[in-house]
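Here is what each chain is made of, one letter per residue.
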Amino acid sequence: MTRFGSAVRRVDERCPGIDLPLLSVSQTRGVLRQSELMNRPPRADSLDAYKVCRRGDIVFNKMSIRSGAMGVAAEDGLVTYHYEVMRPCPGTNPHYIMYLMKSSHFTGELIRRERGIGAGGNSGVRTTEVPFSALRTVDAYIPRPIEQGQIAEYLDRETGQIDALIAKQERLVEALTERLDAQWSGLVAGLERECPIVQLRRVVSSIVDGPFGSSLTSAHYSDSGARVIRLGNIGVFEFKSVDEAFIPLEYAAQLGNHAVVAGDVLVAGLGDEKMPLGRATIVPLGLGPAIVKADCYRVRPTSVLVPEFLAWMLSSPQLREQFRVLSRGSTRSRLNTAVVREARLALPPLDEQKAVLKRFVEARQEFVALSVKARQMAEVLMERRQALISAAVTGKIDVRGL
(Lines give C-alpha, C1' and ligand atoms only; values in the text may rest on other atoms or scores of the structure.)
Protein backbone atom coordinates (compact mmCIF):
# COMPACT_ATOMS: atom_id res chain seq x y z
CA MET A 1 0.00 0.00 0.00
CA THR A 2 1.12 3.54 -0.74
CA ARG A 3 -0.40 6.99 -0.69
CA PHE A 4 -2.61 7.85 -3.66
CA GLY A 5 -0.92 11.24 -3.92
CA SER A 6 2.33 9.60 -4.99
CA ALA A 7 0.72 8.38 -8.23
CA VAL A 8 -1.01 11.56 -9.43
CA ARG A 9 -0.81 15.31 -9.13
CA ARG A 10 -3.55 17.91 -9.26
CA VAL A 11 -3.56 20.15 -12.34
CA ASP A 12 -5.09 23.62 -12.41
CA GLU A 13 -4.08 24.95 -15.82
CA ARG A 14 -6.33 27.81 -16.81
CA CYS A 15 -7.84 28.37 -20.23
CA PRO A 16 -5.30 29.51 -22.86
CA GLY A 17 -6.05 31.81 -25.75
CA ILE A 18 -6.80 28.90 -28.09
CA ASP A 19 -10.10 27.26 -28.93
CA LEU A 20 -10.58 23.90 -27.20
CA PRO A 21 -13.74 21.75 -26.98
CA LEU A 22 -15.76 21.81 -23.78
CA LEU A 23 -15.61 18.41 -22.04
CA SER A 24 -17.87 16.78 -19.50
CA VAL A 25 -18.02 13.47 -17.62
CA SER A 26 -20.72 10.83 -17.94
CA GLN A 27 -21.03 8.10 -15.31
CA THR A 28 -21.37 5.52 -18.09
CA ARG A 29 -19.36 7.01 -20.96
CA GLY A 30 -16.46 8.72 -19.20
CA VAL A 31 -15.01 11.96 -20.54
CA LEU A 32 -16.73 13.20 -23.69
CA ARG A 33 -17.40 16.39 -25.57
CA GLN A 34 -20.33 18.50 -24.40
CA SER A 35 -21.57 18.42 -28.00
CA GLU A 36 -22.28 14.69 -27.51
CA LEU A 37 -24.72 15.42 -24.68
CA MET A 38 -28.43 15.95 -25.40
CA ASN A 39 -28.83 18.83 -22.92
CA ARG A 40 -25.55 20.65 -22.90
CA PRO A 41 -25.15 24.00 -21.14
CA PRO A 42 -23.81 26.81 -23.33
CA ARG A 43 -20.20 27.76 -22.95
CA ALA A 44 -19.76 30.95 -20.96
CA ASP A 45 -18.69 34.12 -22.71
CA SER A 46 -15.69 34.33 -20.41
CA LEU A 47 -13.41 31.29 -20.34
CA ASP A 48 -11.34 32.50 -17.39
CA ALA A 49 -12.89 29.98 -14.96
CA TYR A 50 -12.37 26.96 -17.23
CA LYS A 51 -9.58 24.47 -16.61
CA VAL A 52 -7.49 22.81 -19.30
CA CYS A 53 -7.59 19.05 -19.48
CA ARG A 54 -4.93 17.24 -21.50
CA ARG A 55 -5.19 13.88 -23.20
CA GLY A 56 -4.54 11.15 -20.63
CA ASP A 57 -5.57 13.30 -17.67
CA ILE A 58 -8.05 11.88 -15.16
CA VAL A 59 -11.16 14.05 -14.81
CA PHE A 60 -13.82 13.66 -12.13
CA ASN A 61 -16.81 15.63 -10.98
CA LYS A 62 -15.97 16.61 -7.42
CA MET A 63 -19.68 16.99 -6.66
CA SER A 64 -20.53 13.37 -7.57
CA ILE A 65 -17.31 11.45 -7.27
CA ARG A 66 -18.96 8.74 -5.17
CA SER A 67 -21.25 7.90 -8.08
CA GLY A 68 -18.31 7.11 -10.33
CA ALA A 69 -18.51 10.22 -12.51
CA MET A 70 -14.92 10.12 -13.78
CA GLY A 71 -12.89 9.13 -16.79
CA VAL A 72 -9.66 9.48 -18.76
CA ALA A 73 -9.60 12.27 -21.34
CA ALA A 74 -9.10 11.11 -24.92
CA GLU A 75 -8.30 14.64 -26.14
CA ASP A 76 -7.32 18.08 -24.94
CA GLY A 77 -10.26 20.22 -23.82
CA LEU A 78 -11.81 22.50 -21.23
CA VAL A 79 -13.75 21.61 -18.08
CA THR A 80 -15.68 23.80 -15.65
CA TYR A 81 -14.83 24.46 -12.02
CA HIS A 82 -17.09 21.55 -11.00
CA TYR A 83 -14.34 19.17 -12.14
CA GLU A 84 -10.94 18.24 -10.80
CA VAL A 85 -8.14 17.35 -13.19
CA MET A 86 -5.34 14.96 -12.17
CA ARG A 87 -2.26 14.08 -14.20
CA PRO A 88 -0.63 10.67 -13.67
CA CYS A 89 2.94 10.75 -12.50
CA PRO A 90 5.56 8.95 -14.65
CA GLY A 91 5.02 5.18 -14.53
CA THR A 92 1.33 5.51 -13.63
CA ASN A 93 -1.38 4.17 -15.92
CA PRO A 94 -4.33 6.62 -16.01
CA HIS A 95 -6.88 3.87 -16.73
CA TYR A 96 -5.66 1.90 -13.72
CA ILE A 97 -6.07 5.00 -11.54
CA MET A 98 -9.61 5.48 -12.85
CA TYR A 99 -10.54 1.92 -11.88
CA LEU A 100 -8.79 2.31 -8.54
CA MET A 101 -10.95 5.36 -7.77
CA LYS A 102 -14.09 3.33 -8.60
CA SER A 103 -13.19 0.49 -6.23
CA SER A 104 -15.14 -0.15 -3.03
CA HIS A 105 -12.06 0.51 -0.87
CA PHE A 106 -11.41 3.89 -2.45
CA THR A 107 -15.04 5.06 -2.42
CA GLY A 108 -15.28 3.97 1.20
CA GLU A 109 -12.32 6.18 2.01
CA LEU A 110 -13.94 9.05 0.12
CA ILE A 111 -17.10 8.76 2.19
CA ARG A 112 -15.00 9.12 5.33
CA ARG A 113 -13.28 12.22 3.97
CA GLU A 114 -16.08 14.08 2.22
CA ARG A 115 -17.16 17.42 3.60
CA GLY A 116 -20.46 19.27 3.14
CA ILE A 117 -20.52 22.48 1.18
CA GLY A 118 -24.08 23.57 1.94
CA ALA A 119 -27.60 22.83 0.85
CA GLY A 120 -28.57 22.76 -2.80
CA GLY A 121 -31.32 25.10 -3.98
CA ASN A 122 -34.88 24.75 -2.72
CA SER A 123 -34.61 20.98 -2.34
CA GLY A 124 -32.66 21.21 0.89
CA VAL A 125 -30.50 18.30 -0.28
CA ARG A 126 -27.00 18.59 1.08
CA THR A 127 -24.26 18.27 -1.51
CA THR A 128 -20.73 17.16 -0.77
CA GLU A 129 -17.29 17.29 -2.28
CA VAL A 130 -13.95 15.65 -1.61
CA PRO A 131 -10.95 17.99 -1.95
CA PHE A 132 -7.80 16.68 -3.63
CA SER A 133 -5.92 17.22 -0.38
CA ALA A 134 -8.06 14.43 1.10
CA LEU A 135 -7.79 12.16 -1.94
CA ARG A 136 -4.03 12.16 -1.84
CA THR A 137 -3.98 10.71 1.68
CA VAL A 138 -5.90 7.54 0.73
CA ASP A 139 -3.81 4.37 1.05
CA ALA A 140 -3.97 2.55 -2.28
CA TYR A 141 -2.51 -0.48 -4.04
CA ILE A 142 -0.19 0.90 -6.74
CA PRO A 143 1.59 -2.04 -8.42
CA ARG A 144 4.43 -1.89 -10.95
CA PRO A 145 3.60 -0.13 -14.26
CA ILE A 146 3.41 -3.38 -16.21
CA GLU A 147 0.88 -4.79 -13.70
CA GLN A 148 -1.15 -1.60 -13.82
CA GLY A 149 -1.42 -1.98 -17.58
CA GLN A 150 -2.42 -5.63 -17.29
CA ILE A 151 -5.11 -4.85 -14.72
CA ALA A 152 -6.46 -1.94 -16.77
CA GLU A 153 -6.61 -4.06 -19.94
CA TYR A 154 -8.32 -6.90 -18.07
CA LEU A 155 -10.91 -4.56 -16.55
CA ASP A 156 -11.48 -2.79 -19.87
CA ARG A 157 -12.35 -6.14 -21.42
CA GLU A 158 -14.38 -7.62 -18.57
CA THR A 159 -16.28 -4.48 -17.57
CA GLY A 160 -16.97 -3.80 -21.25
CA GLN A 161 -18.80 -7.12 -21.48
CA ILE A 162 -20.73 -6.41 -18.27
CA ASP A 163 -21.57 -2.88 -19.47
CA ALA A 164 -22.98 -4.35 -22.68
CA LEU A 165 -25.27 -6.61 -20.65
CA ILE A 166 -26.34 -3.69 -18.45
CA ALA A 167 -27.08 -1.60 -21.54
CA LYS A 168 -29.18 -4.47 -22.90
CA GLN A 169 -31.33 -4.45 -19.75
CA GLU A 170 -31.65 -0.67 -19.90
CA ARG A 171 -32.75 -0.86 -23.54
CA LEU A 172 -35.32 -3.48 -22.54
CA VAL A 173 -36.78 -1.12 -19.92
CA GLU A 174 -36.90 1.69 -22.50
CA ALA A 175 -38.60 -0.61 -25.02
CA LEU A 176 -41.17 -1.70 -22.44
CA THR A 177 -41.90 1.93 -21.58
CA GLU A 178 -42.36 2.75 -25.26
CA ARG A 179 -44.67 -0.23 -25.76
CA LEU A 180 -46.77 0.78 -22.76
CA ASP A 181 -46.99 4.36 -24.03
CA ALA A 182 -48.03 3.08 -27.46
CA GLN A 183 -50.81 1.00 -25.92
CA TRP A 184 -51.82 3.91 -23.70
CA SER A 185 -51.90 6.25 -26.68
CA GLY A 186 -53.99 3.78 -28.66
CA LEU A 187 -56.62 3.53 -25.93
CA VAL A 188 -56.88 7.31 -25.66
CA ALA A 189 -57.04 7.70 -29.46
CA GLY A 190 -59.93 5.27 -29.57
CA LEU A 191 -61.84 7.29 -26.99
CA GLU A 192 -61.12 10.52 -28.85
CA ARG A 193 -62.65 9.06 -32.03
CA GLU A 194 -65.79 7.79 -30.33
CA CYS A 195 -66.51 10.25 -27.49
CA PRO A 196 -67.13 13.97 -27.14
CA ILE A 197 -64.09 16.15 -26.45
CA VAL A 198 -64.46 18.61 -23.55
CA GLN A 199 -62.32 21.22 -21.87
CA LEU A 200 -61.21 20.28 -18.38
CA ARG A 201 -62.84 23.37 -16.83
CA ARG A 202 -66.25 22.02 -17.82
CA VAL A 203 -65.88 18.75 -15.87
CA VAL A 204 -64.16 19.84 -12.65
CA SER A 205 -65.46 21.73 -9.66
CA SER A 206 -62.14 23.36 -8.72
CA ILE A 207 -58.44 23.63 -9.51
CA VAL A 208 -56.20 24.94 -6.73
CA ASP A 209 -52.46 25.61 -6.71
CA GLY A 210 -50.31 25.37 -3.60
CA PRO A 211 -49.39 28.43 -1.51
CA PHE A 212 -46.66 30.60 -3.02
CA GLY A 213 -43.77 32.56 -1.61
CA SER A 214 -43.39 33.00 2.11
CA SER A 215 -46.72 31.32 2.85
CA LEU A 216 -45.00 27.93 2.76
CA THR A 217 -41.23 27.47 2.96
CA SER A 218 -38.96 24.85 4.43
CA ALA A 219 -38.90 26.93 7.61
CA HIS A 220 -42.51 25.86 8.21
CA TYR A 221 -41.67 22.13 8.05
CA SER A 222 -41.97 19.92 11.10
CA ASP A 223 -41.27 16.30 11.98
CA SER A 224 -44.95 15.37 11.82
CA GLY A 225 -48.37 16.86 11.19
CA ALA A 226 -50.07 17.47 7.83
CA ARG A 227 -48.33 16.05 4.78
CA VAL A 228 -46.98 18.50 2.19
CA ILE A 229 -47.39 17.07 -1.31
CA ARG A 230 -44.47 18.10 -3.50
CA LEU A 231 -43.57 17.62 -7.16
CA GLY A 232 -41.53 14.51 -6.38
CA ASN A 233 -44.67 12.81 -5.07
CA ILE A 234 -46.51 13.18 -8.38
CA GLY A 235 -45.55 10.43 -10.80
CA VAL A 236 -47.02 9.45 -14.15
CA PHE A 237 -50.33 8.00 -12.98
CA GLU A 238 -48.54 7.02 -9.75
CA PHE A 239 -48.29 8.54 -6.28
CA LYS A 240 -44.68 8.37 -5.08
CA SER A 241 -44.51 8.19 -1.30
CA VAL A 242 -40.99 9.64 -1.11
CA ASP A 243 -39.44 12.90 0.01
CA GLU A 244 -41.88 13.21 2.91
CA ALA A 245 -42.43 16.65 4.42
CA PHE A 246 -44.87 17.87 7.07
CA ILE A 247 -46.13 21.08 8.60
CA PRO A 248 -47.87 21.48 11.97
CA LEU A 249 -51.59 20.71 11.90
CA GLU A 250 -52.36 24.19 13.25
CA TYR A 251 -50.60 25.86 10.34
CA ALA A 252 -52.16 23.45 7.86
CA ALA A 253 -55.57 24.59 9.09
CA GLN A 254 -54.63 28.16 8.11
CA LEU A 255 -53.85 26.87 4.61
CA GLY A 256 -57.13 24.99 4.35
CA ASN A 257 -57.83 26.26 0.82
CA HIS A 258 -54.93 24.13 -0.37
CA ALA A 259 -55.98 20.95 1.45
CA VAL A 260 -56.41 17.64 -0.36
CA VAL A 261 -58.40 14.51 0.48
CA ALA A 262 -58.21 10.94 -0.77
CA GLY A 263 -59.47 10.76 -4.35
CA ASP A 264 -58.41 14.27 -5.35
CA VAL A 265 -56.38 14.46 -8.55
CA LEU A 266 -52.87 15.90 -8.33
CA VAL A 267 -51.28 17.56 -11.38
CA ALA A 268 -47.62 18.61 -11.71
CA GLY A 269 -47.18 22.19 -12.89
CA LEU A 270 -43.45 21.75 -13.51
CA GLY A 271 -41.72 19.09 -15.55
CA ASP A 272 -38.62 17.95 -17.38
CA GLU A 273 -37.55 15.05 -19.59
CA LYS A 274 -37.69 12.47 -16.81
CA MET A 275 -40.81 13.75 -15.05
CA PRO A 276 -43.17 15.13 -17.71
CA LEU A 277 -45.19 18.27 -17.30
CA GLY A 278 -48.86 17.75 -16.45
CA ARG A 279 -48.39 14.24 -15.10
CA ALA A 280 -51.15 13.35 -12.69
CA THR A 281 -52.05 10.91 -9.96
CA ILE A 282 -54.61 10.33 -7.19
CA VAL A 283 -54.28 11.22 -3.52
CA PRO A 284 -54.13 7.73 -1.97
CA LEU A 285 -56.27 6.47 0.88
CA GLY A 286 -54.68 6.68 4.30
CA LEU A 287 -52.45 9.66 3.53
CA GLY A 288 -54.07 11.70 6.28
CA PRO A 289 -54.28 15.50 6.46
CA ALA A 290 -52.36 17.02 3.54
CA ILE A 291 -51.91 20.15 1.43
CA VAL A 292 -50.34 20.80 -1.97
CA LYS A 293 -47.20 22.86 -2.41
CA ALA A 294 -46.69 25.49 -5.11
CA ASP A 295 -46.79 24.12 -8.69
CA CYS A 296 -48.75 21.08 -7.48
CA TYR A 297 -52.38 21.48 -8.51
CA ARG A 298 -55.33 19.89 -6.72
CA VAL A 299 -58.11 19.07 -9.17
CA ARG A 300 -61.59 17.95 -8.05
CA PRO A 301 -63.66 16.42 -10.85
CA THR A 302 -67.43 16.54 -11.00
CA SER A 303 -69.60 13.42 -10.96
CA VAL A 304 -69.18 12.87 -14.73
CA LEU A 305 -65.55 11.78 -14.21
CA VAL A 306 -64.01 8.88 -12.32
CA PRO A 307 -61.01 10.55 -10.56
CA GLU A 308 -58.62 7.74 -11.57
CA PHE A 309 -59.75 8.11 -15.18
CA LEU A 310 -59.00 11.84 -15.10
CA ALA A 311 -55.50 11.22 -13.70
CA TRP A 312 -54.96 8.56 -16.38
CA MET A 313 -56.05 10.90 -19.17
CA LEU A 314 -53.94 13.80 -17.92
CA SER A 315 -50.87 11.52 -17.74
CA SER A 316 -51.44 10.06 -21.22
CA PRO A 317 -49.04 10.72 -24.12
CA GLN A 318 -51.65 12.91 -25.84
CA LEU A 319 -52.14 15.21 -22.86
CA ARG A 320 -48.41 15.30 -22.15
CA GLU A 321 -47.97 16.69 -25.66
CA GLN A 322 -50.78 19.22 -25.12
CA PHE A 323 -49.13 20.45 -21.94
CA ARG A 324 -45.72 20.59 -23.61
CA VAL A 325 -47.09 22.88 -26.32
CA LEU A 326 -48.97 25.04 -23.81
CA SER A 327 -46.10 25.30 -21.34
CA ARG A 328 -43.77 28.17 -20.85
CA GLY A 329 -40.32 28.42 -19.29
CA SER A 330 -36.83 28.25 -20.75
CA THR A 331 -35.19 25.64 -18.55
CA ARG A 332 -38.13 23.77 -17.06
CA SER A 333 -41.57 23.51 -18.61
CA ARG A 334 -44.22 25.24 -16.52
CA LEU A 335 -48.00 25.35 -16.46
CA ASN A 336 -50.52 27.40 -14.54
CA THR A 337 -54.05 26.58 -13.47
CA ALA A 338 -55.55 28.68 -16.28
CA VAL A 339 -53.73 26.56 -18.86
CA VAL A 340 -54.71 23.31 -17.17
CA ARG A 341 -58.36 24.36 -17.29
CA GLU A 342 -58.15 24.58 -21.08
CA ALA A 343 -56.82 21.03 -21.58
CA ARG A 344 -59.05 19.00 -23.88
CA LEU A 345 -59.88 15.35 -23.23
CA ALA A 346 -62.33 12.66 -24.29
CA LEU A 347 -65.34 12.12 -22.03
CA PRO A 348 -66.82 8.60 -22.27
CA PRO A 349 -69.65 7.34 -20.02
CA LEU A 350 -68.67 6.32 -16.48
CA ASP A 351 -68.88 2.59 -17.17
CA GLU A 352 -66.58 2.97 -20.17
CA GLN A 353 -64.14 5.03 -18.10
CA LYS A 354 -63.92 2.17 -15.59
CA ALA A 355 -63.58 -0.45 -18.34
CA VAL A 356 -60.69 1.27 -20.14
CA LEU A 357 -58.93 1.87 -16.81
CA LYS A 358 -59.20 -1.82 -15.99
CA ARG A 359 -57.66 -2.79 -19.34
CA PHE A 360 -54.79 -0.36 -18.90
CA VAL A 361 -54.02 -1.29 -15.29
CA GLU A 362 -53.84 -4.98 -16.20
CA ALA A 363 -51.49 -4.24 -19.11
CA ARG A 364 -49.38 -1.95 -16.97
CA GLN A 365 -48.94 -4.60 -14.29
CA GLU A 366 -47.38 -6.92 -16.88
CA PHE A 367 -45.04 -4.21 -18.13
CA VAL A 368 -44.05 -3.24 -14.58
CA ALA A 369 -43.24 -6.85 -13.67
CA LEU A 370 -40.97 -7.21 -16.71
CA SER A 371 -39.32 -3.85 -16.05
CA VAL A 372 -38.63 -4.76 -12.41
CA LYS A 373 -36.90 -7.97 -13.50
CA ALA A 374 -34.77 -6.06 -16.01
CA ARG A 375 -33.76 -3.44 -13.43
CA GLN A 376 -32.94 -6.12 -10.87
CA MET A 377 -30.72 -7.85 -13.41
CA ALA A 378 -28.97 -4.56 -14.17
CA GLU A 379 -28.36 -4.00 -10.44
CA VAL A 380 -26.88 -7.50 -10.07
CA LEU A 381 -24.58 -6.82 -13.01
CA MET A 382 -23.50 -3.46 -11.56
CA GLU A 383 -22.69 -5.14 -8.24
CA ARG A 384 -20.69 -7.77 -10.09
CA ARG A 385 -18.84 -5.04 -11.99
CA GLN A 386 -17.99 -3.22 -8.76
CA ALA A 387 -16.79 -6.41 -7.07
CA LEU A 388 -14.60 -7.26 -10.08
CA ILE A 389 -12.98 -3.82 -10.13
CA SER A 390 -12.36 -3.91 -6.38
CA ALA A 391 -10.81 -7.37 -6.50
CA ALA A 392 -8.56 -6.52 -9.45
CA VAL A 393 -7.16 -3.22 -8.12
CA THR A 394 -6.44 -4.68 -4.68
CA GLY A 395 -4.46 -7.60 -6.10
CA LYS A 396 -7.00 -10.27 -5.16
CA ILE A 397 -7.20 -11.38 -8.78
CA ASP A 398 -4.06 -12.40 -10.65
CA VAL A 399 -4.80 -11.07 -14.12
CA ARG A 400 -1.61 -12.35 -15.73
CA GLY A 401 -2.53 -14.57 -18.63
CA LEU A 402 -6.26 -13.76 -18.33
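The following paragraphs examine the structure supplied in this document. (Residues numbered from 1 in each chain as written. Predicted model: local features only at pLDDT ≥ 70, side-chain atom pairs only at ≥ 80, totals over all residues. Heavy atoms only, no water.)

1. Re the packing of aromatic side chains
Moving on, step 1. Enumeration according to the criterion identifies seven aromatic pairs in this entry.
Moving on, step 2. Relative to F360, the ring of W184 has its centre 4.6 Å away and its plane inclined at 45 degrees; by these criteria the two rings are tilted. Note that W184 is positioned in helix α4 (residues 145-194) and F360 in helix α9 (residues 350-393), a separation of 176 residues in sequence.
Moving on, step 3. By the ring-pair criterion, three or more aromatic residues cluster together here, those being W184, F237, F309, W312 and F360.
Moving on, step 4. Residue placement shows R320 over the ring face of W184; its charged tip is 5.2 Å from the ring centre. (Phe/Tyr/Trp six-rings, centres within 6.5 Å; stacked < 30°, edge-to-face > 60°. Helix = DSSP H or I, 4+ residues; strand = E, 2+ residues; numbered from the N terminus. Lys NZ or Arg CZ within 6 Å of the ring centre and 35° of its normal.)

2. Brief notes about the nonpolar core
Moving on, step 1. With 42 residues, the main nonpolar core has L200, V265, F309, L310 and W312 as its most contacted residues.
Moving on, step 2. Residues within four places of L200 in sequence aside, it is in contact with I207, L310, V340, R341, A343 and L345.
Moving on, step 3. Membership of the second largest hydrophobic core comes to 33 residues, among which are V8, A140, Y154 and L388. (Core = buried A, V, L, I, M, F, W, Y, C linked by side-chain atoms within 4.5 Å. Buried < 20%, exposed > 50% of the residue type's maximum accessible area, 1.4 Å probe, protein only. Contact = heavy atoms within 4.5 Å.)

3. Regarding unusual backbone geometry
Moving on, step 1. Unusually for a residue other than glycine, F237 sits at a positive phi of about 55 degrees.
Moving on, step 2. Counting through the fold element by element, F237 comes out in the loop between β16 (234-235) and β17 (238-239).
Moving on, step 3. You will see that D243, though not glycine, has its phi angle at about 50 degrees, which is positive.
Moving on, step 4. Mapped onto the elements, D243 comes out in the loop between β17 and β18 (246-247).

4. A few points about the pattern of salt bridges
Moving on, step 1. In total, this model carries 20 salt bridges according to the counting rule given.
Moving on, step 2. For the salt bridge of R385 with D163, the shortest nitrogen-to-oxygen distance reads 2.7 Å. Of the two residues, R385 sits in helix α9 while D163 sits in helix α4, which places them 222 residues apart along the sequence.
Moving on, step 3. In this structure, the salt-bridge partner of E342 is R201, at a minimum N-O distance of 3.2 Å. (Salt bridge = Lys/Arg side-chain N within 4 Å of Asp/Glu carboxyl O.)

5. Quick look at the sheet that holds strand β7 (residues 70-72)
Moving on, step 1. Reading across from one edge, β2-β9-β6-β7 is the order of the four strands in this open sheet, with antiparallel pairing throughout. Looking at strand neighbours, the two that pair on one side only are β2 (8-11) and β7, the edges of this open sheet. The sheet shows a mean angle of 25 degrees between the axes of neighbouring strands, direction not considered.
Moving on, step 2. Pairing analysis gives three bridges linking strand β6 (residues 58-61) to β7, with the strands arranged antiparallel. Its bridge partner lying in β7, F60 is registered against M70.
Moving on, step 3. Across the sheet, helix α1 (residues 94-102) touches β2, β6, β7 and β9 (83-88), and the angle it forms with β7 is around 170 degrees. (Pairing = 2+ DSSP bridges. Axes fitted to C-alpha atoms, helices over the stretch in contact; angles between N-to-C directions.)

6. Things to note about the environment of K168
Moving on, step 1. Structurally, K168 can be placed in helix α4.
Moving on, step 2. Since its relative accessible area comes to 51%, K168 is described here as exposed.
Moving on, step 3. Residues K168 and A378 lie 210 residues apart in sequence; the distance between their C-alpha atoms is 8.7 Å.

7. Some details on helix α2 (residues 104-113)
Along an α-helix, residues three or four apart share an orientation, since each turn contains 3.6 residues.
Moving on, step 1. Among the residues making up α2, those that are buried are F106, T107, E109 and L110. Considered in projection along α2, the buried side chains sweep an arc of 155 degrees and stay on one side of the axis.
Moving on, step 2. Close packing links the buried residues of α2 with α1 and α3 (132-135). (Arc of directions from axis to C-beta.)

All we've got here are geometric facts, nothing functional implied.
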